[in-house]
Structures are given as C-alpha cells and as structure tokens.
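Coordinate analysis (summary)
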Amino acid sequence: QPSPQKFSVHGLIELALSRGVLKFGEFTLKSGRVSPYFFNAGLLNDGEALSLLASGYAQKMMASEDVGVLFGPAYKGIPLVAATASALWHEHGVNVPWGFNRKEVKDHGEGGLLVGAPVAGQRVWIVDDVITAGTAIREVMNVLTKAGAKVTGVLVALDRQERGQGELSAIQEIEQQYNIPVQALLTMTDLMNYLKKENRLDDLARMQNYRAEFGIQS
Ligand code: OMP
C-alpha cells in the first residue's frame, strides 16, 4: 500500500525534470514571448506523477478557507481537477464536488458546455496548469461567470511571474481585477533558486535575462 505522498517544492521540481515536464532551452509561448524554459503539465502522464501533483494541489486547497466546487478548464485542467478532488478525499477526508467544461458545444445528449458538479450560485475554485499572460484564465472566468458561478480562487502548478497587460504580473492583475487569490505550487523564483543550488549557471543566466525583459519588479 503506497503511503501518502508528501509535496515539496524541491520534490516537484525534481519530478518535473525527470518526466520532461520542465525543460530549459528555447520555447515560443502562446503569448509570443520566447522563453528559456517551459513547463508542460501534460507530461505528468503516469499515476505517480499525477498523484504527486494532485497531493500538492490538495494541500494548498486545505490551506484555503473557501473550498466550494473545484473546476478544471478544458483540456489540461480536467485530469488535474479530478485528481485533486480524489486526493482531497483520500488524503484529507474532504469531499468536494468537481466539474469541468468542454470546448465544443454538444447539441445532443446532455448538451451544454459544463460537465460535472453544478456551478450556478456556487463558490468555485479553478484548478489549472500554468499562468503566463493570463489569457486562458480570463477565458474560463467568463465561462464560469456566465454560468452564474462565483469564482473565489485559482490554483495553478506554476506562476511564471511575468507581466500581464501592464506592469503587474498576470497573476497580480487577475487577483486585483476579480478580487480573488491565485495560488501556485511553484514560481519562477523557485526554479531559479533550484538552478542556483545545482550550479546550472548558464540556464540561470538565461532565466535572469528573460525575467529582466518580461518579469515583474520583485
Ligand atoms: P496564458 O494564457 O498566456 O496565461 O498562458 C497559459 C497557457 O500557456 C497554459 O495553459 C499552457 O497551455 C501554456 N504554457 C504552458 O503550458 N507552460 C509554460 O511554461 C508556458 C505556457 C505558455 O504558452 O505561456
């Protein structure tokens, strides 16, 4: 019987590197920025990796007071939210409803864009992978608001700590605009501290340059 997995920043970074989730190199982002690193949560594609990430999400959720419905945006948020709800139950004895959206409207069967726990009138936490410029999160905020949900928080694996539409980080903008907390398991700072500790100075220098161009003042 496997014992409950303990989440740590260091452990998650090592896991992400070992699975190719976290890569250093040159990557063009959705926002068009050319980044020296990329975090692909889609590669947490085995049971151990997914459940370790979900343990981290569940621990963060336990520290938040307002756990209502958990919601995973299509597509990558869907397995994350399902695994998180399961970890909350197995590891903390907390039973939380969860749901997700589909991207394409279905015109037969149950129809509609939302699947799983109803969100109308509910306090909803969004569980997703990465926030860079905030575009993906804003889209799902619209979907949920239209459905009558009250979004009370966002939980992601990685805060890239990059500027959004102005001088603040995308996450800070979302926190201000919607008046909600955004929590992350890892930040770009965590990744840079890791590189420093591992003496990967070339990678670290590229991260510092990128941060000087697209990062927030911290
Ligand atoms: P924004 O919509 O700009 O916030 O970008 C978030 C999305 O970019 C994520 O949902 C991912 O699809 C993708 N992404 C990553 O998955 N990992 C990264 O390290 C960077 C990005 C990205 O393209 O910015």
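Here's a quick rundown of the structure. Quick caveat, the model's predicted, so the values are computed rather than measured. (Residues numbered from 1 in each chain as written. Predicted model: local features only at pLDDT ≥ 70, side-chain atom pairs only at ≥ 80, totals over all residues. Heavy atoms only, no water.)

1. With respect to the pattern of salt bridges
Close approach of charged atoms allows side chains with opposite charge to pair. The test is simple: By salt bridge we mean one thing: a side-chain nitrogen of Lys or Arg within 4 Å of a carboxyl oxygen of Asp or Glu. Here a strand is any run of E in DSSP of at least two residues, a helix any run of H or I of at least four, and the numbering for each starts at the N terminus. We call a residue buried when its accessible area falls under 20% of the maximum for its residue type, exposed when it is over 50%, and partly exposed in between, using a 1.4 Å probe and counting protein chains only.
Under the definition given, this model contains 7 salt bridges. R200 is paired through a salt bridge with D203; the nearest N and O atoms lie 3.1 Å apart. Measuring nitrogen to oxygen at the nearest pair gives 3.0 Å for the salt bridge that ties R206 to D203. Remark: D203 and R206 occur in helix α7 (residues 201-214); sequence separation between them is 3 residues, near one turn of the helix. Relative accessible area serves as the criterion here: at 42%, R206 is assigned to the partly exposed category. One continuous salt-bridge network, built from bridges that share partners, spans R19, D46 and E48.

2. Overview of the pairing of strand β2 (residues 34-39)
The line we're drawing: DSSP-based pairing: two strands are paired if at least 2 bridges between them are found.
Bridge count for strand β1 (residues 22-28) against β2 is 5 bridges, and the pairing is antiparallel. Across the sheet, the residue bridging to T28 is V34, located in β2. Once β1 ends, the chain turns through 5 residues before running back antiparallel as β2, passing G32 with a positive phi of about 95°.

3. Topic: a nonpolar patch on the surface
Worth spelling out the cut-off: Only residues above 30% relative accessible area that lack a salt bridge enter a patch, with like-charged residues linked at up to 9 Å and the nonpolar side chains Val, Leu, Ile, Met, Phe, Trp and Tyr linked at up to 5 Å. For the accessible areas, the method is Shrake-Rupley and the probe is 1.4 Å, while residue cover comes only from the protein chains on display.
Together, V105, L113 and L114 make up an exposed nonpolar region whose accessible area comes to about 240 Å². The topology assignment puts L114 in strand β5 (residues 112-116).

4. Structural notes on the site of the ligand
Keep this limit in mind: Any residue with a non-hydrogen atom lying within 4 Å of a molecule or strand is treated as near it. Under this definition, polar contacts are N or O atom pairs within 3.5 Å; protein pairs additionally need one hydrogen-donor-capable and one acceptor-capable atom, and for neighbouring residues in sequence, both atoms have to be side-chain atoms.
Around the ligand sit 13 residues, and of these K30, F39, T132, G134 and A136 come closest. T132 has a polar side-chain atom sitting 2.6 Å from an oxygen atom of the ligand. A distance of 3.3 Å is found between an oxygen atom of the ligand and a backbone nitrogen or oxygen belonging to T135. Coverage of the ligand by the protein chains reaches 90% of its 500 Å² of free accessible surface. Contributions of two or more residues to the shell around the ligand are made by β2, β6 (123-131) and α4 (135-146). Take the shell around the ligand: its biggest share by element is 3 residues, from β6.

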